[in-house]
Amino acid sequence: MVNFQAFIFVELGDAWLDVYVGSRNQWGGSFELSTSGEGASGYENETREWDRAALLDHQRQDHLDETLQGWVLERSAEKSKKKKYVDFGFIVCSHKALKWFFGSIFVAFLVIALPIIIAKSLPKHHSPPTPPDNYTLALHKALLFFNAQKSGRLPKSNGIPWRGNSGLQDGNDTDVKGGLVGGYYDAGDNTKFHFPMSFSMTMLSWSVLEYKQKYIAVNEYDHARELIKWGTDYLLLTFNSSATKINKIYGQVGGALNGSRTPDDHYCWQRPEDMGYPRPTTTIYQGPDLAGEMAAALAAASIVFQDNASYSKKLIKGAETVFAFARDFGKRATYSRGEPYIAPYYNSTGYFDEYMWGAAWLYYATGNSTYISLATNPSLPKNSKAFYMIPDLSVLSWNNKLPAAMLLLTRFRMFLNPGYPYEDMLNMYHNVTTLTMCSYLHQFNVFNWTKGGLIQLNHGQPQSLQYVANAAFLASLFADYMEASGVPGWNCGPNYFPSSVLKAFATSQIDYILGKNPMKMSYVVGFGEKFPRHVHHRGASIPNDHKYYSCSEGWKWRDTSKPNPNTITGAMVGGPDRFDQFHDSRNNYNYTEPTLAGNAGLVAALISLTNTAGSGGIDKNTIFSAIPPLGPQNPPPPPPWKP
């Protein structure tokens, strides 16, 4: 134990109070308090003794007791330790580690944070967007053709300055309240043919469902939907779409008799805004082909507009009603049979392809297995000769839907693989689809080709481009199906081809249409530097000078050698002949007349090929959104054994 001493001197007047306090009295005697002189004298004596003792202690200061030495050494060690370590209370860290820690933070700041701060403080320079490719530029124009073909009361946003309201008296000879106002004119005349119009709407809807993201990326999604709705709104007027059973469809408005010399859509050359001649409505009491195509158009559009529940439901209701008309056994004859206003222009050669086509779309729109059972019923390919491998039946057109219907059902097999009881027939459709793709390849010589590289799908007959555009779309789409399902290619007999071969075929044909051809001209009006200037089109060829030109007064605009005063942007004309030659003549409609169905195929092919917004593929799932989960189904038991 360390002893301590304290002396407290308290001055009381002239006297001093000497208080000596110690843990023990090292010199003997008791503690005393005294104010007497004796005490003072004793104090002096004692202090002299104490001074000697203190002096003695000072001389022996190097000989501290062991306890004090240990205490002093321990305190020195702690001070030394504190110099090497920093105590944060919860952790003890050496000075060296602390220096490394803060040094690392500083280096990290210099390497990471400082460049970020500098980069953010610098003025921003955005790289210019990727310029659109030719397919995107052509797509913008091709869609505008539909705006130019609109009939009825046009919105201010229609975007075609030389077009106005027209056909406001259409359908006045029907029982439709308000008439048959709206829809689209088919080509260069002012007739509304409902069969190819329906096919055009189906094709537009199909392309939107497959390539929705591409349409959005090139800012044409809303435009395409508006064009589809313009068509489907009109188609809903052509029959009693609110009923469950109907006995007639209005199949056409306007038209002309072959060789007519009376005012009609062919004899007169007038702007649609100036029409004053009779435009009769053709009523159809039979026609699974027309009804089946209308059902396909309405069903496909119902999926496009599934975000608008009430309108989508209305479209589905109409599709089911008109398809029931198509399936009526008592109405099974082509819609054009015996119809002089229809047969010379859009004559139908059968309706079993429309059964398959319409049933497939209705199944996708409703999920009702009745429709897929019909689409895979063996009687349909048998009666449509789908498996006969007739080259003409592999060519998609407004008249023949077989290759499109089988590709659409092949999609079902590739992505959902439903199995029994559909697998056998779906597998057949898939096989025929691959053979159709093989027929498009030049090396197999199924079709003739021009020297300039255009496939001749209609045997060298006029107006070939519409068939070429459709084939390009099917080939490009099937290639995308294979890519989306992880299949690298397909076989044509013993020959294997990667899917890129189909893309190359589609690209070569569309490139030909856009200008890579012996004529060095684009067959899409307004695209490129050189394109047709004398398009066979009444509205485009008559000046928009606010003057009225009668039925016969317009002939001078038909016959003039001057270019059209109005550019019908995006119109794909009939195209060149089998020798790659083209005559830009307004009087030769085989070369220069555009059609609604032709442009629908062109739009579909273009959107499938565009890469402006990236190489985004198809939308695998939206088209199947109404189909319920497909559970395993057991095949029926084998028939009983008979001895």
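Let me sum up the structure you'll find in this document. Quick caveat: nothing in here was measured; it's all calculated off a predicted structure. (Residues numbered from 1 in each chain as written. Predicted model: local features only at pLDDT ≥ 70, side-chain atom pairs only at ≥ 80, totals over all residues. Heavy atoms only, no water.)

### Quick word on the overall build of the chain
Link 1 in the chain: Looking only at helices and strands, one finds 20 helices and 11 strands in the chain.
Link 2 in the chain: Counting across all 643 residues of the chain, residues that qualify as buried make up 49%.
Link 3 in the chain: Partitioning the intrachain contacts of the chain with sequence separation of at least 6 by distance along the chain shows that 71% fall at a separation of at least 24.
Link 4 in the chain: Element-wise, carbon and sulfur atoms account for 56% of the exposed surface of the chain, whose accessible area totals about 31800 Å². (Helix = DSSP H or I, 4+ residues; strand = E, 2+ residues; numbered from the N terminus. Buried < 20%, exposed > 50% of the residue type's maximum accessible area, 1.4 Å probe, protein only. Contact = heavy atoms within 4.5 Å. Areas by Shrake-Rupley, 256 points an atom, 1.4 Å probe, with all protein chains shown as cover.)

### Some words on the environment of N240
Link 1 in the chain: Here N240 is to be found in the loop between helix 7 (221-235) and strand 6 (249-253).
Link 2 in the chain: Judged by relative accessible area, N240 falls into the partly exposed class, the value being 43%.

### As for the packing of aromatic side chains
Link 1 in the chain: All chains considered together, the criterion is met by 33 aromatic pairs.
Link 2 in the chain: Between W357 and W361, the aromatic rings sit 6.0 Å apart at their centres with planes inclined by 85 degrees, giving edge-to-face as the arrangement. Here W357 pairs with W361, and both are found in helix 10 (residues 352-366), just four residues apart, close to one helical turn. Each member of the pair W357 and W361 is classed as buried.
Link 3 in the chain: Seen from their ring centres, F412 and F624 are 6.3 Å apart, and the 55 degrees between their planes marks the pair as tilted. With F412 in helix 13 (residues 402-416) and F624 in the segment after helix 20 (596-609), the pair connects residues that are 212 residues apart, well separated along the chain. We note that F412, like F624, is buried.
Link 4 in the chain: In this arrangement the basic side chain of K150 is found over the ring face of W230, its NZ or CZ atom lying 4.6 Å from the centre.
Link 5 in the chain: Here R327 stacks its cationic end above the ring of Y355, 4.6 Å away from the centre of that ring. (Phe/Tyr/Trp six-rings, centres within 6.5 Å; stacked < 30°, edge-to-face > 60°. Lys NZ or Arg CZ within 6 Å of the ring centre and 35° of its normal.)

### Comments concerning the side chain of T321
Link 1 in the chain: Looking at where T321 falls in the secondary structure, it is placed in helix 9 (residues 309-327).
Link 2 in the chain: When residues no more than four places from it in sequence are discounted, the contact partners of T321 are F239, N240, S241, A243, T244, K245 and I246.

### Topic: the pattern of salt bridges
Link 1 in the chain: Under the defined criterion, the tally for this structure stands at 17 salt bridges.
Link 2 in the chain: The residue E423 makes a salt bridge to R413 at a minimum N-O spacing of 2.7 Å. In this pair, E423 is assigned in helix 14 (residues 423-439) and R413 in helix 13, connecting sequence segments 10 residues apart.
Link 3 in the chain: Two residues, K503 and D480, come together in a salt bridge whose shortest N-O distance is 3.2 Å. You can see K503 sitting in helix 16 (residues 500-514) and its partner D480 sitting in helix 15 (residues 465-484), a full 23 residues away along the chain. (Salt bridge = Lys/Arg side-chain N within 4 Å of Asp/Glu carboxyl O.)

### Section: the environment of A600
Link 1 in the chain: Within the secondary structure, A600 is located in helix 20.
Link 2 in the chain: Owing to a relative accessible area of 0%, A600 belongs among the buried residues under this scheme.
Link 3 in the chain: Placed 400 residues apart in sequence, A600 and S200 show a C-alpha to C-alpha distance of 5.3 Å.
Link 4 in the chain: Leave out the neighbours within four places in its chain, and A600 touches F146, S200, M203 and L204.

### Describing the packing of helix 10 against helix 13
Helices that pack against each other are described as a pair by the angle of their axes relative to one another and the distance between those axes.
Link 1 in the chain: Following both chains from N to C, one finds helix 10 and helix 13 inclined at 35 degrees, their axes separated by 9 Å at the closest point. As helix 10 packs across helix 13, the resulting crossing turns out to be left-handed. Side by side, helix 10 and helix 13 meet where D353, M356, W357, A360, W361, Y363 and Y364 of the first sit next to L402, A404, A405, M406, L408, L409 and F412 of the second.
Link 2 in the chain: Of the residues contributing to the contact of helix 10 with helix 13, the split by class is 13 nonpolar, no polar and one charged. (Axes fitted to C-alpha atoms, helices over the stretch in contact; angles between N-to-C directions. Left-handed = near helix turned anticlockwise from the far one by under 90°. Nonpolar A, V, L, I, M, F, W, Y, C, P; charged D, E, K, R; others polar.)

### Quick look at the side chain of S476
Link 1 in the chain: Structurally, the position occupied by S476 is in helix 15.
Link 2 in the chain: Here the side chain of S476 touches S608 through a polar contact of 2.9 Å, side chain to side chain.
Link 3 in the chain: Once you skip the residues sitting within four places of it in the chain, S476 turns out to touch Y211, K503, A506, S608 and L609. (Polar contact = N/O pair within 3.5 Å; in protein donor to acceptor, adjacent residues only side chain to side chain.)

### As for unusual backbone geometry
Link 1 in the chain: Each neighbour pair has its own omega, and for Y420 with P421 the value is 5 degrees, a cis peptide bond.
Link 2 in the chain: For P421, the location among the structural elements is in the loop between helix 13 and helix 14.
Link 3 in the chain: Located in the positive-phi region is H459, a residue other than glycine, with phi close to 60 degrees.
Link 4 in the chain: When you line up the elements, H459 lands in the loop between strand 9 (455-456) and helix 15.
Link 5 in the chain: We classify H459 as exposed; its relative accessible area is 52%.
Link 6 in the chain: We note that K520 has phi near 55 degrees; this positive angle belongs to a residue other than glycine.
Link 7 in the chain: Counting through the fold element by element, K520 comes out in the loop between helix 16 and helix 17 (538-541).

### Focus: the nonpolar core
Link 1 in the chain: Among the nonpolar cores identified, the biggest contains 164 residues, and W206, W361, Y364 and I510 are the most heavily contacted of them.
Link 2 in the chain: What W361 contacts, discounting residues up to four positions off in sequence, is T202, W206, L209, A296, A299, A300, I303, L408 and I623.
Link 3 in the chain: Ranked by size, the runner-up nonpolar core spans five residues in total, among them C268, M275, Y277 and C551. (Core = buried A, V, L, I, M, F, W, Y, C linked by side-chain atoms within 4.5 Å.)

### Some thoughts on helix 15
Link 1 in the chain: Taking 1.5 Å per residue as the helical rise, helix 15 with its 20 residues ought to reach 28 Å, and the 28 Å between its terminal C-alpha atoms agrees with that figure.
Link 2 in the chain: Counted residue by residue, helix 15 has 18 buried out of 20 residues, so it is predominantly covered.
Link 3 in the chain: Remark: G486 follows helix 15 within two positions and exhibits a positive phi of approximately 75 degrees. (Expected span 1.5 Å × (residues − 1).)

### Some remarks on helix 20
Link 1 in the chain: The end-to-end C-alpha distance of helix 20, which contains 14 residues, comes to 20 Å, matching closely the 20 Å that a straight helix rising 1.5 Å per residue would cover.
Link 2 in the chain: Most of helix 20 is tucked away: 14 of the 14 residues are buried.
Link 3 in the chain: Among the residues of helix 20, the N-terminal cap falls to T595, whose side-chain oxygen and the backbone nitrogen of G598 are separated by 3.0 Å.

### Some thoughts on the packing of helix 5 (residues 194-210) against helix 20
Link 1 in the chain: Contact geometry for helix 5 and helix 20: axes closest at 8 Å, N-to-C directions at 10 degrees. Our classification of the angle between helix 5 and helix 20 gives roughly parallel. Across from P196, M197, F199, S200, M203, L204 and S207 in helix 5, the residues of helix 20 making contact are L596, A597, A600, G601, V603, A604 and I607.
Link 2 in the chain: When its residues are assigned to classes, the contact of helix 5 with helix 20 shows 11 nonpolar, three polar and no charged. (Parallel < 35°, antiparallel > 145°, perpendicular 65-115°, else oblique.)

### Remarks on the state of the cysteines
Link 1 in the chain: This model, assessed by the stated rule, comprises two disulfides.
Link 2 in the chain: Across the disulfide, C268 is cross-linked to C551 (sulfur-sulfur distance 2.0 Å). Handedness here is read from the sign of the S-S torsion; for C268 and C551, about -95 degrees, the answer is left-handed. Here C268 is found in the loop between strand 6 and strand 7 (281-284), whereas its partner C551 is found in the loop between helix 17 and helix 18 (555-559), with 283 residues between them in sequence.
Link 3 in the chain: Disulfide partner of C438: C492, at an S-S distance of 1.9 Å. Looking along the S-S bond of the C438-C492 disulfide, the torsion reads about -95 degrees, which is the left-handed sense. One end of the pair, C438, is in helix 14; the other, C492, is in strand 10 (residues 489-492), with 54 residues separating them in the sequence.
Link 4 in the chain: Overall, C438 belongs to the buried group, its relative accessible area being 7%. (Disulfide = S-S within 2.5 Å.)

Geometry only, nothing functional implied.
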